[in-house]
Amino acid sequence: MKVLVLGSGGREHAFAWKIAQSSKLEKLFVAPGNAGTEELAENVNINPNDFEKVKTFVLENGINMVIVGPEDPLVNGIHDFFLNDENLKHIAVIGPEKAAAQMEGSKDFAKDFMARHKIPTAQYKSITSENLEEGYQFLESLKAPYVLKADGLAAGKGVLIIEDLNEAKNSLEEMIGGMFGSASATVVIEEFLSGIELSVFVLTDGESYKVLAEAKDYKRIGEGDTGLNTGGMGAISPVHFANEEFMSKVEERIIKPTIDGFQKDKTPFVGFVFIGLMKVGNDPFVIEYNVRMGDPETEVVLPRIKSDFLELMVSVADKKLDQFELELDNRTVSTVMLVSDGYPEAYAKGKTITGIDQVSDSIVFHAGTTGKNNEVVTNGGRVIAVSSYGDNLENALTKSFSNAEKIQFEGKYYRKDIGFDLK
Ligand code: AMP
Ligand code: GLY
């Protein structure tokens, strides 16, 4: 098979790493990719949101399958673009159509979906400039802290959690006024859920599904979960508190009604459902849906899949996932993200990376890297994810941390406490 992966982060390097091991692979391309994918595949300088360029490339190179990494091409309708084109419609696209991608593209849509399909989540109200007064009243009816979410995609930054009621009212007005551009013209106000977070990754062909694994990521920049939110500073899988009893609640109350919901709503979903959960007491509540794999969660979830990944993707495309025997690795996998000083705010690029060849017993997934004059240099805030297997969490993390030390670039920073709350 000839496969095109869209995206350029650690998630896409992990996809490429897993696909490159498949006996079904004839040729792998990644657009635009990074210095890590370059070693396993041919990088193609195409923006995944430029559908016409993707089309030309796919047709000229006889691509059989497109695996979409990030959310924006999905929310922009890349799958629909393929289905609506006579020359492309037979090519498999892994990722939902635009209607279902709204689960990530609009928080209001996702909340409405959960209400319609009776999926447990925080109470909420959607507010625009038209019903601002109702927003104030709803805030008054809630207890602090107050959760305000931009409806649309805001690069992971659109959620504010505020202690003071008046401040929350002001922020609501500012959000609607354009704090996150048009993404916050509608704001979802939510009840605050107190508990511990985890994410569950589900693969579906639109009819049946497989739970890939659960993972926990560490979103804050600072140790002890402090400071600004990032795309994710590290992750681990499995998560010990997600025991059989809890996961069966997740399956019955959340996963099944979600997959059924897509069918009932006639919004086809082929691909990865990323369910962000809060465990409140012993019960799961949905915090958010994403319509793709997480990053850096992919860097711990994919290493736990033993099965041939392309065979798995083909079973999804052919709607035969129910017949697929998914084999998972029971070991723990941890990943530690090395980032550029300053991230998630301004940071420098183009810093030479050394020491990758010194790493042993970990997998180095490139995130923001590129090749320049035969060197690998930094090209993003999140630079490299160091993933390791272990018989237990401690053991996996020891390897990730010791290899994280060996990789050098100016301004390297990483959290030395990934997994701290689970030990
Ligand atoms: P989201 O972008 O929806 O994942 O929200 C970002 C982060 O805000 C989540 O990972 C949670 O830590 C937090 N959060 C979102 N919604 C709630 C809520 N209703 N209660 C408590 N924390 C929340
Ligand atoms: N790590 C969180 C995400 O991928 O959205």
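Check the entry above for the structure.
Keep in mind it's a predicted model, so treat the numbers as computed, not measured.

> With reference to specific residues and values, describe the overall build of the protein.
Helices and strands together make up the secondary structure of the protein, namely twelve helices and 24 strands. Taken over the C-alpha trace, the protein has a radius of gyration of 21 Å; the compact-globule value for 423 residues is 22 Å, and the two agree within 12%. For the protein, the spread of C-alpha atoms along the principal axes amounts to about 60 × 50 × 40 Å. A fraction of 69% describes how many contacts in the protein between residues 6 or more apart in sequence connect residues 24 or more apart. Per element, the accessible surface of the protein, about 17500 Å² overall, is 44% carbon and sulfur.

> Tell me about the site of ligand 2, residues and numbers included.
The environment of ligand 2 is formed by D217, G231, F274, N290, R292, G294, D295, P296 and E297. Take G231: an N or O atom from its main chain is 2.9 Å from a nitrogen atom of ligand 2. Within the side chain of E297, one N or O atom sits 2.9 Å away from a nitrogen atom of ligand 2. When isolated, ligand 2 has an accessible area of 200 Å², and the protein chains bury 86% of it. When its residues are assigned to classes, the shell around ligand 2 shows two nonpolar, three polar and four charged.

> Quick one: what's the story with the site of ligand 1, residue by residue and with numbers?
Taken together, 15 residues are adjacent to ligand 1, and E190, E191, L193, E197 and E288 come closest. Here E191 contributes a backbone N or O atom positioned 2.9 Å from a nitrogen atom of ligand 1. Contacts to ligand 1 include E197, whose side-chain N or O atom sits 2.4 Å from an oxygen atom. When the residues that make up the shell around ligand 1 are grouped by side-chain class, the tally is eight nonpolar, no polar and seven charged.

Cut-offs applied
Residues numbered from 1 in each chain as written. Chains lettered and ligands numbered in written order. Predicted model: local features only at pLDDT ≥ 70, side-chain atom pairs only at ≥ 80, totals over all residues. Heavy atoms only, no water. Helix = DSSP H or I, 4+ residues; strand = E, 2+ residues; numbered from the N terminus. Rg over C-alpha atoms; globule rule 2.2 N^0.38 Å. Contact = heavy atoms within 4.5 Å. Areas by Shrake-Rupley, 256 points an atom, 1.4 Å probe, with all protein chains shown as cover. Near = heavy atom within 4 Å. Polar contact = N/O pair within 3.5 Å; in protein donor to acceptor, adjacent residues only side chain to side chain. Nonpolar A, V, L, I, M, F, W, Y, C, P; charged D, E, K, R; others polar.

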